[in-house]
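Chains, contacts and geometry: an overview
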Amino acid sequence: MTNKSQPTNLVEVKNLSKFFYQRRSVVKAVDDVSFYIPRGETLGLVGESGCGKTTCGRTLLKLYPATSGQIIYDGKDVTGNLSRRELKAFKKSAQVIFQDPYSSLDPRMTIAEIVAEGIDVHFSYSHKQKHDKVTELLAAVGLTEEFANRFAHELSGGQRQRVGIARALAVDPDFIVCDEPISALDVSIQAQIVNLLIRLQKERNLTYLFISHDLSMVKHISDRIGVMYLGSLVELAPSLEMFEKPLHPYTSALLSAIPSADPEHERTRERIRLPGEVPSAMDPPSGCKFRTRCHYAIDLCAAEVPTLDEAKSGHFVACHRWKELAGALGEAI
Ligand code: SF4
């Protein structure tokens, strides 16, 4: 899906919502979310379990129909129904790597068959071309040719996730949604997979949406980070700036939970504890959805929904009090 004049942003999401309608209630899993991802860059999307980040990624990939809003992909609106040809081209260009490398690989198929699935759909390769392509893909993710005839249950978690990455790469995509790709893996393996994804991005000019519940995991791979809470994007900023000068109280609390590599800082580090639990997405609080857990909430927070405003160039925040709190939040971590 390549236009003659390529737009800078491969992905643009405008006011995207995905609601799930149940008998008497509505779950607003993704609620009026907007962001863009420039070609070749990574946007990290973080937030606690159930905040809507996975639904956002899946809606963006058209695995769920959007309730409202727009998905612009490579300069083209792909939100509504596409022709079969257009949908096939979109699915080739936009791939996914799933969270769980244990359940996302078919146990009855060999690794070669798993990796070649997309090749069969999108290319007319001879048997030899397909074999060569699978071998090249396995090598690209750090697996030898010997893995081709093995089955998923014979592989470690890290090796399985490498197969998942090879499967996504098999159709020469431009964009990959990495949906918690390392959270099911041992900590010792996580860095290897992140480094592999970074290398592949450079080699193949890939664009990533990297979804994680852990801010520290997205730091090294993301150019920019978006923080979601109860279906809404509450802050979006370049990675370093997000870590050094957060403007939203929720981001500041997430950052305070990250252990410090500096033993002295770790000893004195104070974690910001948020009261209560994340409210139900079926019955979110009025005004700012974070207000029931925010240490800085005032009456205005219950009355008005804060809009996502550009506080500084490229740094967006949805909080009525960001100007007053800016310094305090940076110091708190
Ligand atoms: Fe807290 Fe109010 Fe800002 Fe929401 S709008 S994060 S409740 S201060």
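Quick look at the structure, then. Just so we're clear, the structure is a prediction, and the values are computed from it rather than from any experiment.

Reading across the sheet, the four strands line up as β2-β1-β4-β5 and stay open at both edges, with antiparallel pairing between neighbours. Of all strands in the sheet, those with a lone pairing partner are β2 (26-38) and β5 (76-77), marking the two edges.

As a further point, take the packing of helix α4 (residues 127-140) against helix α6 (residues 187-204). As a packed pair, α4 and α6 sit with axes 11 Å apart at the nearest point and diverge in direction by 125°. On the basis of the axis angle, α4 is oblique to α6. Together, E136, L137 and A140 of α4 and L196, R199, L200 and R204 of α6 make up the contact between the two elements. Grouping the amino acids of the contact of α4 with α6 by side-chain chemistry returns four nonpolar, no polar and three charged.

The strand order across the open sheet formed by eight strands is β6-β7-β8-β3-β9-β10-β12-β11, and the pairing between neighbours is mixed. Either end of the sheet is taken by a strand with one partner, and the two such strands are β6 (94-97) and β11 (309-312). Between one strand and the next, the sheet's axes are offset by a mean angle of 25°, whatever the strand orientation. Judged from the two bridges that link them, strand β10 (residues 232-238) and strand β12 (residues 315-317) form a sheet pairing that is antiparallel. In the strand pairing of β12, L236 is matched with F316. Packing of helix α2 (residues 84-93) onto the sheet brings it into contact with β6 and β7 (175-179), and relative to β6 it is tilted by some 45°.

Another aspect to go through is empty space enclosed by the protein. Throughout the structure, instances matching the rule amount to three cavities of 30 Å³ or more. Looking at the lining of the largest cavity, its residues break down into eight nonpolar, two polar and two charged.

Where charged atoms from two side chains of opposite charge come close, those side chains can pair. According to the stated counting rule, one finds 15 salt bridges in the structure shown. Note that R293 is salt-bridged to E48, the shortest N-O span being 3.4 Å. With R293 in the loop between α10 (263-268) and α11 (299-303) and E48 in the loop between β3 (42-46) and α1 (53-60), the pair connects residues that are 245 residues apart, well separated along the chain. Note on R293: relative accessible area 6%, which makes it buried. The partner of D132 in a salt bridge is K128, and the shortest N-O contact between them spans 2.5 Å. Taken together, the residues span about one helical turn, with D132 and K128 both in helix α4 at a distance of four residues.

What counts, and at which threshold
- Residue numbers run consecutively from 1 along every chain, following the written order of its sequence.
- Reporting in this predicted model follows two pLDDT cut-offs: at least 70 for local features of residues, and 80 or more for side-chain atom pairs to be given and counted; totals over whole chains, interfaces and linings ignore these cut-offs and use all residues.
- Here the side-chain values reflect all heavy atoms present in the structure, with hydrogen atoms and water set aside.
- Strands pair, by our definition, only if DSSP identifies at least two bridges between them.
- Only DSSP runs of H or I covering at least 4 residues are called helices, and only runs of E covering at least 2 are called strands; the numbering of each starts at the N terminus.
- Fitting a line to C-alpha atoms yields each axis, with helices limited to the stretch in contact; the angle taken between N-to-C directions then spans 0 to 180 degrees.
- Oblique is the label for every angle not falling under 35 degrees (roughly parallel), over 145 degrees (roughly antiparallel), or within 65 to 115 degrees (roughly perpendicular).
- Only heavy atoms matter for contacts: two residues are in contact if any of them lie within 4.5 Å across the pair.
- Residues are sorted three ways: Asp, Glu, Lys and Arg are charged, Ala, Val, Leu, Ile, Met, Phe, Trp, Tyr, Cys and Pro are nonpolar, and all the rest, Gly among them, are polar.
- Both site types are read off a 1 Å grid over the protein atoms alone. A 1.4 Å probe that fits but cannot get out defines a cavity, while an open set with protein on both sides within 12 Å along at least five of seven lines defines a pocket; lining residues have an atom within 4 Å of a point.
- Grid points are joined across faces, edges and corners, and a volume is the space filled by probe spheres set on the points.
- Salt bridge, as applied in this entry: a Lys or Arg side-chain nitrogen positioned within 4 Å of an Asp or Glu carboxyl oxygen.
- Accessible area is worked out with a 1.4 Å probe on protein chains only. A residue is then buried under 20% of its type maximum, exposed over 50%, and partly exposed in between.

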